[in-house]
Amino acid sequence: QVQLVESGGGLVQPGGSLRLSCAASGFTFSIYAITWYRQAPGKERELVATITSAGGSTNYADSVKGRFTISRDNAKNTVYLQMNSLKPEDTAVYYCKFTRTDRRDYWGQGTQVTVSS
């Protein structure tokens, strides 16, 4: 059974940091790119960052470049999102996703990140 489980969210003050994790199971994790998305209240879900299967290439939304870092540990079937210099506008539910070779998308349940003083 394919599963993606996000963790690491919480409440943090502006300027603070959080590290999100996306733990995968039920598929061959190491051959798939993984993407982090986020969705703020009343807004559409947006792409945050993507990492290729071996971790050799990453891509970021302009809004998080220089503040967020995506990485992966294929031995642990886990992708991370290190978020620094957090801003109130980073408040959202964060999801990880991958697309299987048959074009089906798999999403985690999400983890809430709230940036507030």
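Refer to the structure presented above.
This one's a predicted model, so the numbers in the text were calculated from it and none came from an experiment. (Residues numbered from 1 in each chain as written. Predicted model: local features only at pLDDT ≥ 70, side-chain atom pairs only at ≥ 80, totals over all residues. Heavy atoms only, no water.)

Regarding the pairing of strand S7 (residues 68–73)
So, step 1. Burial along S7 is one-sided: Phe68, Ile70 and Arg72 are buried, while Thr69, Ser71 and Asp73, pointing the other way, are not.
So, step 2. As judged from the 6 bridges shared by S7 and strand S8 (residues 78–83), these two strands associate in the antiparallel manner. Its bridge partner being in S8, Ser71 is matched across the sheet by Tyr80.
So, step 3. Hairpin connection, S7 to S8: the antiparallel pair is bridged by 4 residues, and Asn77 has positive phi, about 50°. (Buried < 20%, exposed > 50% of the residue type's maximum accessible area, 1.4 Å probe, protein only. Helix = DSSP H or I, 4+ residues; strand = E, 2+ residues; numbered from the N terminus. Pairing = 2+ DSSP bridges.)

Quick notes on the packing of aromatic side chains
So, step 1. Counted according to the given criterion, the structure contains 7 aromatic pairs.
So, step 2. For the ring pair Tyr32 and Phe98, a centre distance of 5.0 Å and an interplane angle of 55° mean the geometry is tilted. Separated by 66 residues along the polypeptide, Tyr32 in the loop between strand S3 (18–25) and strand S4 (34–39) and Phe98 in strand S9 (residues 92–99) bring together distant segments of the chain.
So, step 3. Between Tyr37 and Trp107, the ring centres sit 4.9 Å apart and the planes meet at 55°, which makes this aromatic pair tilted. One end of the pair, Tyr37, is in strand S4; the other, Trp107, is in strand S10 (residues 105–107), with 70 residues separating them in the sequence. (Phe/Tyr/Trp six-rings, centres within 6.5 Å; stacked < 30°, edge-to-face > 60°.)

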